[in-house]
Amino acid sequence: TQHAVIRLYLKLNKIQELLTILDDRLNYGIFPDEYCNNLLMNYFIKTNNFRDAAKIAAIQMLQEDFSNEITKHFALYSCLKYLESPVQWIVEEAREEVEQEEDEEEIVKIRVQYLRNPYFDGHFDLTTANDLIGKTLMTIGRSDPDDVLHQSYYLVGLGLTKNTQESKQFLVNVQNDKIKVTRDALEMFKKFIITEDVSQTTSNPVEPAASEGENSEAAPNPAELKANVSEEIQAILSLAEGLTSKGTEGNLLQVTENNLKNTVQKFEAQEIEKQKQKYQLWDTEREQILKKHLDKLKEEQIFDNIQKKKEDLAKEEERLFFFDNENEIDLLLEKKYPPKKEVVVKKRNEFDGKRNLGRTVIGKRKKLPTEESYVPPDMHKPYK
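Now for a description of the structure that goes with this document. (Residues numbered from 1 in each chain as written. Predicted model: local features only at pLDDT ≥ 70, side-chain atom pairs only at ≥ 80, totals over all residues. Heavy atoms only, no water.)

**Looking at the overall build of the protein chain**
Our working definition: Secondary structure is summarised from DSSP: a helix means a run of H or I of at least four residues, a strand means a run of E of at least two, and numbering begins at the N terminus for each. Two residues qualify as a contact provided that any one of their heavy atoms is within 4.5 Å of a heavy atom in the partner residue. Note that accessible areas follow from Shrake-Rupley with a 1.4 Å probe, and for residues the cover is restricted to the protein chains shown.
Within the protein chain, the regular secondary structure consists of 14 helices and 2 strands. Considering only residue pairs separated by 6 or more positions, the protein chain has 70% of its internal contacts joining residues 24 or more positions apart. Accessible surface for the protein chain amounts to roughly 29100 Å². Of this, 51% is attributable to carbon and sulfur atoms.

Next comes the structure, spelled out in structure tokens:
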């Protein structure tokens with residue numbers, strides 16, 4: 001099951017291989033449920049690996065199911081922690097380079113795994129951190145339109161996905177006091193809507209800093225980013241800056257962390273009991289499947305024994321009634337084994353006028369006259 005695969009890879013600390021399998025669910029057939037995602041996000045959060053925790057949250061978003069409260073709050077906390085200190089989103093796998101002799105005349109062919117049609121569905125085709133995390137926050141945020149926190153998550157998601165038309169309408173509703181959001185959400189919205197790639201907003205705190213001799217890319221300057229955006233986004237920024245007084249107090253990340261702890265404490269025992277029941281159900285289903293398979297094998301064995309018994313009875317019947325059916329058996333044998341053509345071999349010193357000395361002649365033998373048509377010659381003895 002997916003539970004066994006995920007637990008095994010975590011035990012072996014094969015994180016990158018596990019994420020590769022989860023990203024290619026169609027070929028590997030591993031579709032994690034809420035229990036697996038809770039296990040993974042909890043593991044990554046404890047190891048301060050918020051990037052991979054956010055990736056698991058995005059996988060749950062692609063399933064469009066945040067009905068599990070623990071999974072929902074784990075996803076929110078993972079995404080916000082990653083946005084607080086983002087690192088490189090896509091990790092390139094190290095591949096062994098095979099040295100080959102250069103041949104100018106040799107044609108280099110590149111193998112393409114899939115030929116994709118030029119179509120973007122806006123869901124399963126999302127690959128960047130901005131789009132995946134942004135849509136995750138928007139999916140959770142729209143589940144409760146009357147809650148300040150959920151609307152704050154939704155606003156941050158709008159900034160990440162850069163949905164200008166919907167962002168403008170949302171800010172107008174905030175201006176008209178139809179929607180309440182936190183000030184943290186407004187600040188994060190203004191920061192991310194001008195950021196092309198959220199994973200490049202800050203330096204990677206995990207990887208070592210580049211040496212003085214190496215060229216290291218500095219984090220983008222917010223003033224430069226703001227100057228390079230379009231007029232439409234600048235208008236949205238101006239509108240958002242005027243709504244600072246409309247925002248409510250509260251640290252969005254801290255409130256999310258407290259909600260996560262309270263939710264786990266509230267639903268942990270219930271989720272554990274559900275998981276136990278699911279495992280018991282799986283054991284029962286395995287036993288039923290195994291029993292059906294064994295019954296089928298027994299039926300096949302019984303059928304084979306019956307066929308063998310019928311063949312033995314047919315042979316015994318043929319032996320017992322051999323003399324009664326002798327004529328029929330002879331006819332069957334003649335059909336099965338027809339008579340062969342007679343072979344006549346001539347002697348080496350025999351000459352038939354065609355120089356066929358010692359050759360084998362295969363053909364039908366001439367019929368000799370029967371006794372009925374044979375007339376003996378009239379022999380007369382001479383008189384003395």
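**As for the environment of Asp-197**
The condition is simple: Classification of residues uses two cut-offs on accessible area relative to the type maximum, computed with a 1.4 Å probe and protein chains only: under 20% is buried, over 50% is exposed, and between them is partly exposed.
Checked against the element boundaries, Asp-197 lands in the loop between α10 (183-192) and α11 (222-228). Note on Asp-197: relative accessible area 30%, which makes it partly exposed. With 37 residues separating them along the chain, Asp-197 and Leu-160 place their C-alpha atoms 8.9 Å apart.

**Examining the packing of aromatic side chains**
The condition that has to hold: Aromatic contacts are taken between Phe, Tyr and Trp rings whose centres are within 6.5 Å, Trp giving its six-membered ring; a plane angle under 30 degrees counts as stacked, one over 60 as edge-to-face, and the others as tilted. Note on geometry: a ring has a charge over it if NZ (lysine) or CZ (arginine) is within 6 Å of the ring centre and within 35 degrees of the ring normal.
Evaluated as defined, the whole model comprises 4 aromatic pairs. Their ring planes at 45° and their centres at 5.6 Å tell us that Tyr-279 and Trp-282 sit as a pair that is tilted. Residue Tyr-279 and its partner Trp-282 are located together in helix α13 (residues 252-320), separated by 3 residues, close to a single helical turn. Its end group placed over the ring of Trp-89, Lys-55 keeps NZ or CZ at 5.5 Å from the ring centre.

**Overview of the pattern of salt bridges**
How we decide: Should a side-chain nitrogen of Lys or Arg be within 4 Å of a carboxyl oxygen of Asp or Glu, the pair is scored as a salt bridge.
In this structure the tally under the stated criterion is 11 salt bridges. For Arg-51, the salt bridge identified is with Asp-52, shortest N-O distance 3.4 Å. Accessibility classification places Arg-51 together with Asp-52 in one group, the buried group. Its salt-bridge partner being Lys-246, residue Asp-177 comes within 3.2 Å of it at the nearest N-O pair. Placement of the pair is Asp-177 in the loop between α9 (164-175) and α10 and Lys-246 in the loop between α12 (231-241) and α13, with a sequence separation of 69 residues.

**A few points about unusual backbone geometry**
Of note in the backbone geometry, Asn-48 takes a positive phi value of approximately 60° without being a glycine. A relative accessible area of 55% means that Asn-48 is categorised as exposed. Notably, Lys-162 is not glycine yet its phi reads approximately 60°, a positive angle. Considering the arrangement of structural elements, one finds Lys-162 in the loop between α8 (148-161) and α9. Overall, the relative accessible area of 23% leaves Lys-162 in the partly exposed class.

**Notes on a negative patch on the surface**
Operational definition: Patch construction takes residues with relative accessible area above 30% that form no salt bridge. Like charges are linked within 9 Å, and nonpolar side chains (Val, Leu, Ile, Met, Phe, Trp, Tyr) are linked within 5 Å. Positive charges come from Lys and Arg alone, negative charges from Asp and Glu alone, with His and the N- and C-terminal ends not counted. Positions of charges follow a simple convention, taking NZ of Lys, CZ of Arg, CG of Asp or CD of Glu.
The grouping of Asp-295, Glu-299, Glu-300 and Asp-304 at the surface amounts to a negative patch. For Glu-299, the location among the structural elements is in helix α13. You can call Glu-299 exposed: its relative accessible area is 57%.

**Focus: the packing of α8 against α13**
Keep this limit in mind: To obtain an axis, a line is fitted to C-alpha atoms, over the contacting stretch when the element is a helix, and the angle between two such axes runs from 0 to 180 degrees between their N-to-C directions. If an angle is under 35 degrees, it is roughly parallel; if it is over 145, roughly antiparallel; if it lies from 65 to 115, roughly perpendicular; otherwise it is oblique. What makes a crossing left-handed is the near helix being turned counterclockwise from the far one by less than a right angle; a clockwise turn instead makes it right-handed. Gly is placed with the polar residues, together with every amino acid not listed as nonpolar (Ala, Val, Leu, Ile, Met, Phe, Trp, Tyr, Cys and Pro) or charged (Asp, Glu, Lys and Arg).
Contact geometry of α8 with α13 gives a least axis separation of 12 Å together with a crossing angle of 125°. As judged from the angle between their axes, α8 and α13 are oblique. Here α8 and α13 pass one another in a crossing that is left-handed. Across from Leu-149, Ser-152, Tyr-153 and Val-156 in α8, the residues of α13 making contact are Leu-252, Val-255, Thr-256 and Asn-259. Per-class residue counts for the contact of α8 with α13 are 5 nonpolar, 3 polar and no charged.

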